[in-house]
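Okay, here's what each chain looks like letter by letter:
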Amino acid sequence: AQNVPNSDWEKKVTEYFKEKLKENNATNWVPSLNDVPVHYLKPNSLVKFRCMVQDMFDPEFYMGVYETVDPNTNARVLHFGKYRDVAECGPQQEIDLNSSQTVTSERQTFYCVPVPGESAWVKEISFLTGPAYVSTSQARVSPSTSYTPSRHKRSYEEDEDMDLHPSKQKEQHMGKSCRSGGDIHGCVEPKRLETEASAGHHVISPNCSPPLDLNFPLPGEKGPACLVKVYENWESFKVNDVLEVFGVLSVDPVLSIVNSEERDSSTLDPMECMDTAEEQRVHSPPASLVPRIHVILAQKLQHINPLLPACLKEEESKTCEFVSNFMSELSPVRAELLGFLTHALLGDSLAAEYLILHLISTVYARRDVLPLGKFTVNLSGCPRNGAFTEHLYRLIQQLVPASYHLRMSIESMNHSRFIPHKDYTANRLVSGLLQLASNTSLVIDETQLEQGQLDTAGVHNVTALGNLITWQKVDYDFNYHRMEFPCNINVLITSEGRSLLPSDCQVHLQPQIIPPNMEEYMSSLLTAVLPSVLNKFRIYLSLLRLLDYSISDEVTKAVEEDFVEMRKNNPESVTADDLHKMLLVARFLSLSAGQTTLSRERWLRAKQLEALRKARLQQQQSVNGNEL
Amino acid sequence: MSSPASTPSRRRGKRGRGSSNPSTPQDARSPPSQKRRTDDSTSTGDLQPMPTSPPADVQSPGAADALFSSPPQFRHSAIPLDFDISSPLTYGTPSSRVEGTPRSGVRGTPVRQRPDLGSVRKARQVDLHSDGLAEDIVATEQSLGQKLVIWGTDVNVASCKEKFQRFLHRFIDPLDKEDEDIGLDLNEPRYMQRLQEINMVGEPFLNVNCDHLRSFDENLYRQLICYPQEVIPTFDMAANEIFFDRYPDSILEHQIQVRPYNALKTRNMRNLNPEDIDQLITISGMVIRSSQLIPEMQEAFFRCQVCAFTTRVEIDRGRIAEPSVCKNCNTTHSMALIHNRSMFSDKQMIKLQESPEDMPAGQTPHTVALFAHNDLVDKVQPGDRVNVTGIYRAVPIRVNPRVSSVNSVYKTHIDVIHYRKTDSKRLHCVDEETEQKRFTEERVEMLKELSKKADIYDRLALALAPSIYEHEDIKKGILLQLFGGSRKDFTHTGRGNFRAEINILLCGDPGTSKSQLLQYVYNLVPRGQYTSGKGSSAVGLTAYVMKDPETRQLVLQTGALVLSDNGICCIDEFDKMNESTRSVLHEVMEQQTLSIAKAGIICQLNARASILAAANPIESQWNPKKTTIENIQLPHTLLSRFDLIFLMLDPRDEAYDRRLARHLVSLYYQTEEKMEEEYMDMAVLRDYIAYARSYVNPRLGEEASQALIEAYVDMRKIGSGRGMVSAYPRQLESLIRLAEAHAKVRFSEKVETIDVEEAKRLHREALKQSATDPRTGIVDISILTTGMSATARKRKEELAQALRKLIQSKGKTPSLKYQQLLDDLRAQSDTAITKEMFEEALRALADEDFLTVTGKTVRLL
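Residues numbered from 1 in each chain as written. Chains lettered and ligands numbered in written order. Predicted model: local features only at pLDDT ≥ 70, side-chain atom pairs only at ≥ 80, totals over all residues. Heavy atoms only, no water.

- Per an unreviewed UniProt entry, chain B goes by the name DNA replication licensing factor MCM4 and belongs to Acrocephalus arundinaceus.
- Quoted verbatim from the Subunit (unreviewed entry) field of UniProt, the annotation for chain B is "Component of the MCM2-7 complex." (UniProt positions renumbered as here; feature names shortened; annotations may be inferred.)

- By the naming in an unreviewed UniProt entry, chain A is Mini-chromosome maintenance complex-binding protein, taken from Acrocephalus arundinaceus.

Right, dumping it as structure tokens:
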């Protein structure tokens with residue numbers, strides 16, 4: 001139900017902003033809701049927000065154009081209602097709800113949360129390029145103007161010194177984190193404190209008794225959730241899409257007042273009790289806690305890596321230049337990354353090779369139900385003690401833009417919520433662990449699994465994980481029916497023996513060195529890498545995922561021959577499944593070297609890798625007897 | 001809407017205008033209502049509807065003239081539009097219900113308010129001859145005297161009524177058959193028969209199919225859609241006039257209410273937009289929540305504590321204007337509300353969510369609020385799929401008196417006029433296919449065009465799961481399963497329903513994309529269920545009783561098989577299913593029902609599901625030296641219920657490998673766009689199947705019957721030569737189903753010889769794969785029907801006899817050692833005898849009461 005009033009000037013608004021934002025890094029000048037706490041931002045100013053669509057609410061009808069009347073003078077004024085929540089009028093005016101001039105329009109509300117599992121370095125770098133860091137007068141204006149005495153009580157202690165020298169304080173933090181480079185907590189710390197403080201304040205306020213569940217997919221997430229109001233093309237957005245929106249920030253306190261008023265009178269007016277109290281709370285939470293953004297421009301992001309140009313498909317000279325520049329120095333970067341990961345995997349270079357392939361894998365197409373391009377790796381033989389997986393995850397976190405570490409245990413499987421489900425009383429999609437954005441790395445740690453019994457919830461969770469890995473989809477629970485949401489999540493499973501979850505390829509880890517102190521070893525590994533090199537790794541992994549790939553007829557023939565030959569020798573050991581795997585390995589192997597077509601050499605190398613991997617598995621099997 | 005005869009008194013009661021009628025008790029109420037009316041005209045700012053279509057009152061033409069000659073001030077006061085969905089003022093005074101004994105005829109039948117239509121009290125008619133407002137109005141009727149239209153619309157009450165009466169009198173559509181039409185003569189005016197039905201049954205609701213109205217009078221239909229609030233009361237009026245004209249002695253609970261349904265604007269919830277506000281719409285969806293019944297006060301009853309003087313006050317916008325002074329004794333604050341003499345009407349709030357089928361992929365479902373009134377309360381429960389016809393409303397969120405700004409968002413809901421359950425059909429009507437998907441004409445043309453192609457069967461088979469390589473016969477089998485046979489009813493001959501669904505079992509080596517095929521089918525069919533044998537229990541498949549956490553009552557929760565009624569239930573890892581779970585499949589696969597007796601709930605549910613199962617061989621790799629039964633270890637009773645059993649084996653063939661490799665390689669570099677083309681095909685395939693399933697119902701032709709008989713006789717003959725039976729009636733039934741399904745593929749209403757030929761071929765192919773005795777290489781159906789090939793059975797008997805001889809040769813020993821006996825038998829026999837074979841022989845002898853086995857000793861009897 002798209003109904004865009006066809007007045008040209010409305011189109012011009014979006015055009016204007018689009019043009020303006022294209023100009024030399026203009027996007028960096030817009031304050032981002034991801035970095036700057038809401039109470040530092042000026043209401044009704046332009047902000048940006050990088051987020052994932054968590055839920056879609058029902059479309060709402062609003063007054064696109066409305067008329068106010070001054071009861072004394074009878075003067076009528078037309079107002080424009082787009083990009084705002086509240087139909088405003090002067091103190092002496094009243095809104096004429098029956099005016100024939102009123103135009104009703106439609107808009108869609110998305111409930112957006114910050115990208116789940118977003119790595120600290122993504123936040124950090126986008127913050128560094130953001131307006132708070134680029135110390136311009138404009139950027140400094142936004143906090144100070146929004147800082148009004150009435151808000152002073154909100155976060156009293158923190159604000160005390162922060163507000164005296166807000167930018168100075170930030171720069172101090174910035175400097176510190178820049179020097180330490182790898183320090184994850186660095187500059188994010190003060191912002192977190194602030195959001196926490198403001199959230200905490202609301203908990204105390206009598207207005208909303210229990211704390212509002214902001215519905216983040218992952219536990220322990222921080223950041224503002226946002227009601228994003230979209231005015232056009234909302235059909236093109238899907239749940240779990242990652243968006244960058246530019247729009248008008250609306251934190252009008254009236255929104256909250258209207259709310260509480262309604263709740264009081266709900267017993268009186270039958271019209272109001274239509275929505276349950278929960279629904280009210282969820283759909284119109286206090287604006288200070290869940291701000292509204294009225295979108296002027298929204299774009300889907302292919303990736304959230306701030307080191308890359310936002311859109312790579314565009315035929316812009318700048319992006320092309322960037323890509324070709326990077327491609328020229330690809331092989332040293334790859335070699336360095338391989339070395340880095342080999343160290344991280346305790347000297348196992350084969351496992352490191354597979355880890356690279358895994359990290360650049362992505363579902364590039366679906367053939368009816370079959371997702372193509374998923375490459376789930378099961379890293380078996382992980383040492384149980386020494387918290388190896390914990391540290392391995394820390395390293396991966398430093399490389400990929402979004403990730404989550406799932407520690408599998410009977411407890412966590414039975415008690416956490418994996419599958420998002422619809423809560424019909426509150427009329428919203430309650431998020432679950434598996435509601436993740438595309439290309440999120442999910443590291444499942446099976447080494448901590450103990451013997452025990454899964455209950456119903458646990459069985460469902462394990463099944464969901466299995467489905468996610470095999471079909472790259474999650475069946476969201478809508479109580480009366482299930483709905484399939486395709487996803488694209490890189491799953492890495494670390495286990496002692498073979499994982500109980502399905503996987504595309506099992507690599508048995510053969511540690512060459514056993515460091516006496518795992519923690520020391522791993523952190524020294526990280527500090528040894530220069531920040532600039534680390535950034536190259538990050539670019540490498542994000543960029544290669546987006547490349548196209550093809551196989552020439554000639555190589556197809558060769559592969560065919562090879563397959564037939566292999567089958568002839570030993571039909572039992574080489575199945576169609578194995579060919580699938582080899583082709584996958586070949587694909588990512590070529591891409592990891594920056595080649596977009598398969599060459600014979602790569603194919604042979606892929607075969608070799610597979611053979612090595614299999615030999616290891618066999619060896620392992622014979623050692624462990626019947627372990628499979 | 002009241003009839004004209006009752007209108008004047010209603011108006012007077014409500015507006016306090018016109019000549020007084022001393023005989024009714026309404027007189028006493030005149031002053032307060034008059035006062036309120038003037039209130040209304042001044043207090044305009046509160047709750048106002050969208051101005052798209054100003055609500056209007058319908059007046060009978062006679063009364064209207066009188067009104068318009070009276071105070072001109074009325075015209076001004078009418079413009080502010082009050083919005084109150086529960087206004088009682090619309091339909092006469094409620095007191096008309098209380099007053100007088102029920103008499104017959106239009107005059108006596110009380111009028112029931114229609115809160116579903118909302119308040120229309122403020123509307124008025126506009127004479128087009130009068131100046132001023134004339135330009136707002138589009139006159140549709142040009143003849144003189146018919147220019148009176150309701151303000152803001154182009155509806156002329158008189159002509160509208162007349163047209164609708166003509167419609168009721170004349171509408172005949174012999175072709176259009178609906179399932180409620182039982183007992184209707186389609187060649188007689190349909191709605192006159194309906195009125196007759198109302199007279200007999202006494203349910204004063206007339207359901208009108210908007211589609212009929214549209215074919216009868218396009219303009220009237222348009223008016224109904226655009227101005228339902230004004231037109232439906234007119235329809236009521238018209239229907240009542242006809243009804244009481246015909247059946248003057250009829251006594252109804254209240255006057256007939258017309259309920260239109262199937263407004264062609266039937267749409268997906270997603271398509272609702274601001275233009276639909278205040279229009280009649282039909283949307284489909286699923287009920288997800290319904291509120292408790294809300295008694296809504298329509299009229300408050302007050303009594304003076306001092307002099308016992310009583311008065312009634314109508315509810316205005318949810319507020320009661322409590323009289324502060326008694327009119328009789330002039331005491332202030334003496335009026336008290338008497339609850340049980342006040343009038344209430346029922347109201348319910350319902351949340352409707354769009355059906356999962358309508359939802360675009362990757363988005364969450366939308367919901368919309370419904371308000372049901374009076375009789376429609378509690379007509380639907382959460383989980384029901386319904387088509388709702390109603391008026392779409394948008395109401396501004398209440399103005400906060402303290403803040404001048406207003407939340408600019410409207411609240412929307414639908415006032416329900418008519419419900420139609422989409423799945424009620426499924427439960428009651430056996431031979432009707434469920435969800436008759438509506439196809440556009442072009443689509444039907446396209447599908448028919450497609451069906452005429454000679455190679456349509458192969459084409460469709462190719463379009464099925466293109467990512468799975470080859471296995472064409474299996475795909476063909478699944479294709480026929482998707483189409484299914486024709487449903488036959490032999491209840492009168494005592495056999496009940498014949499199964500029309502085709503069941504297929506796939507067995508074979510792991511990694512031969514069986515699961516993928518299952519997933520594909522599951523994604524293709526609208527009512528598919530996917531379960532895994534390992535993960536499902538008997539209750540998960542059938543139904544289970546659980547305590548509803550909210551109501552604390554026992555409720556029946558249906559499982560996968562019931563949910564896939566009329567669809568396909570895909571069961572992966574069939575062999576891993578435990579014994580008790582599998583046993584429930586016996587009933588489902590032949591009788592197509594599920595009987596449940598649990599926790600005091602005894603019932604039989606329909607489970608007309610086709611079953612597509614996949615099983616892995618016991619030894620992880622298929623052993624070609626063993627029979628199907630031995631390989632998958634499933635009971636033959638279950639196996640014989642599968643129409644087709646396919647083996648998906650890994651062919652050891654160079655040419656095949658080559659083709660497979662090429663196919664797989666292409667998967668790894670094709671781009672998204674190339675894949676898109678195949679997705680298109682999936683939509684076509686889905687529609688093709690849906691169309692064939694609901695519209696094509698082939699019957700056996702004479703030639704085809706002969707061919708089937710021959711085929712069956714042939715099959716029996718093959719076996720009889722070797723003294724064994726190679727075909728049972730079950731196989732014949734399978735053949736018929738397959739032939740019918742093949743005819744459906746061709747969109748043919750008649751099963752012909754080619755269909756039988758293909759059915760035979762496919763059946764033979766499947767048999768060749770699954771029922772070949774690996775020892776003899778002969779196709780032997782008894783492997784599937786008795787679990788053993790005839791030769792194996794023979795061998796077993798021989799062994800038993802040998803054992804008996806051995807024991808008898810030992811002379812009169814009462815008991816023998818088990819191990820000793822086995823060793824003796826082994827020594828005697830020239831073939832290797834396994835322990836299992838020995839035990840089987842022992843068991844056979846025990847069955848003959850020759851011996852008993854207790855522990856490790858064998859006793860003779």
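From this point, the discussion proceeds with the structure in view.
**Digging into a negative patch on the surface**
Line of reasoning, step 1. A cluster of acidic side chains, namely B:E441, B:E442, B:E445 and B:E449, defines a negative patch on the protein surface.
Line of reasoning, step 2. Tracing the chain through its elements places B:E445 in helix α13 (residues 441–451). (Patch = residues over 30% accessible without salt bridge, like charges linked within 9 Å, V, L, I, M, F, W, Y side chains within 5 Å. Areas by Shrake-Rupley, 256 points an atom, 1.4 Å probe, with all protein chains shown as cover. Salt bridge = Lys/Arg side-chain N within 4 Å of Asp/Glu carboxyl O. Lys, Arg positive; Asp, Glu negative; His and termini not counted. Charge placed at Lys NZ, Arg CZ, Asp CG, Glu CD. Helix = DSSP H or I, 4+ residues; strand = E, 2+ residues; numbered from the N terminus.)

**Here's the deal with the pairing of strand β24 (residues 644–648) of chain B**
Residue and element names in this part refer to chain B.
Line of reasoning, step 1. With five of five residues buried, β24 lies mostly within the body of the structure.
Line of reasoning, step 2. Both faces of β24 are covered, namely the face carrying L644, F646 and M648 and the face carrying I645 and L647.
Line of reasoning, step 3. Across five bridges, strand β16 (residues 504–508) lies against β24 in parallel orientation. Opposite I504, over in β24, you have L644 as the bridge partner. (Buried < 20%, exposed > 50% of the residue type's maximum accessible area, 1.4 Å probe, protein only. Pairing = 2+ DSSP bridges.)

**Some words on the pattern of salt bridges**
All names here are of chain A.
Line of reasoning, step 1. Enumeration over the complete set of coordinates arrives at 26 salt bridges over all chains.
Line of reasoning, step 2. Close ionic contact of D578 with K614 constitutes a salt bridge, the shortest N to O distance being 3.3 Å. With D578 in helix α19 (residues 576–592) and K614 in helix α20 (residues 600–624), the pair connects residues that are 36 residues apart, well separated along the chain.
Line of reasoning, step 3. One network of salt bridges, in which partners are shared, links E60, R107 and K229.

**A short note on the packing of helix α7 (residues 157–170) of chain B against helix α10 (residues 218–226) of chain B**
Describing two packed helices takes the angle between their axes plus the distance from one axis to the other.
Residues and elements named next belong to chain B.
Line of reasoning, step 1. The contact between α7 and α10 brings their axes to 11 Å, and the two run at 115 degrees. As α7 runs across α10, the sense of the crossing is left-handed. Contacts from C160, K163 and F164 in α7 reach N219, L220 and Q223 in α10.
Line of reasoning, step 2. In terms of residue class, the contact of α7 with α10 is made up of three nonpolar, two polar and one charged. (Axes fitted to C-alpha atoms, helices over the stretch in contact; angles between N-to-C directions. Left-handed = near helix turned anticlockwise from the far one by under 90°. Contact = heavy atoms within 4.5 Å. Nonpolar A, V, L, I, M, F, W, Y, C, P; charged D, E, K, R; others polar.)

**Comments concerning the sheet that holds strand β29 (residues 857–860) of chain B**
Residue and element names in this part refer to chain B.
Line of reasoning, step 1. Taking strand neighbours across the sheet as the criterion, the three strands line up as β27-β29-β28 in an open arrangement whose pairing is antiparallel. Each edge of the sheet is formed by a strand with only one pairing partner; in this case those strands are β27 (815–817) and β28 (851–854). Each adjacent strand pair in this sheet contributes to an overall mean axis angle of 25 degrees, direction not counted.
Line of reasoning, step 2. Sheet topology note: the β28/β29 ladder contains four bridges and is antiparallel.

**Observations regarding the domain arrangement of chain A**
A common measure of how large an interface is: the accessible area buried when the components associate.
Line of reasoning, step 1. For chain A, the assigned domains are domain 1 (7–130 + 217–258 + 276–300), domain 2 (317–544) and domain 3 (548–627).
Line of reasoning, step 2. A straight line from the C-alpha centre of domain 1 of chain A to that of domain 3 of chain A covers 50 Å. (Domains from an automatic or database assignment.)

**Describing the packing of aromatic side chains**
Line of reasoning, step 1. Evaluated as defined, the whole model comprises 21 aromatic pairs over all chains.
Line of reasoning, step 2. Aromatic pair A:Y62 and A:Y231: ring centres 5.6 Å apart, planes at 90 degrees, arrangement edge-to-face. Taken as a pair, A:Y62 in strand β2 (residues 60–69) and A:Y231 in the loop between β7 (226–230) and β8 (242–250) lie far apart in primary sequence, 169 residues in all. Here the two residues A:Y62 and A:Y231 agree in accessibility, since each one is buried.
Line of reasoning, step 3. Three or more aromatic residues joined by ring pairs make a cluster, and in this case those are B:F164, B:F167, B:F171, B:Y191, B:F216 and B:F235. (Phe/Tyr/Trp six-rings, centres within 6.5 Å; stacked < 30°, edge-to-face > 60°.)

**Some thoughts on the packing of helix α11 (residues 330–344) of chain A against helix α16 (residues 518–528) of chain A**
All names here are of chain A.
Line of reasoning, step 1. Running from N to C, α11 and α16 cross one another at 165 degrees; their axes reach a closest spacing of 10 Å. In terms of their interaxial angle, α11 and α16 are classed as roughly antiparallel. The two elements α11 and α16 cross, and the hand of that crossing is left-handed. Residues F340, H343 and A344 of α11 form the contact with α16, whose participating residues are Y521, M522, L525 and L526.
Line of reasoning, step 2. Residues that form the contact of α11 with α16 fall into these classes: six nonpolar, one polar and no charged. (Parallel < 35°, antiparallel > 145°, perpendicular 65-115°, else oblique.)

**What to know about helix α29 (residues 818–828) of chain B**
Since the α-helix advances by 3.6 residues per turn, residues separated by three or four positions end up pointing in the same direction.
Line of reasoning, step 1. What α29(B) keeps buried is the set B:Y818, B:L821, B:L822 and B:L825. Along α29(B), the residues classed as buried sweep out an arc of 100 degrees about the axis, all on the same side. (Arc of directions from axis to C-beta.)

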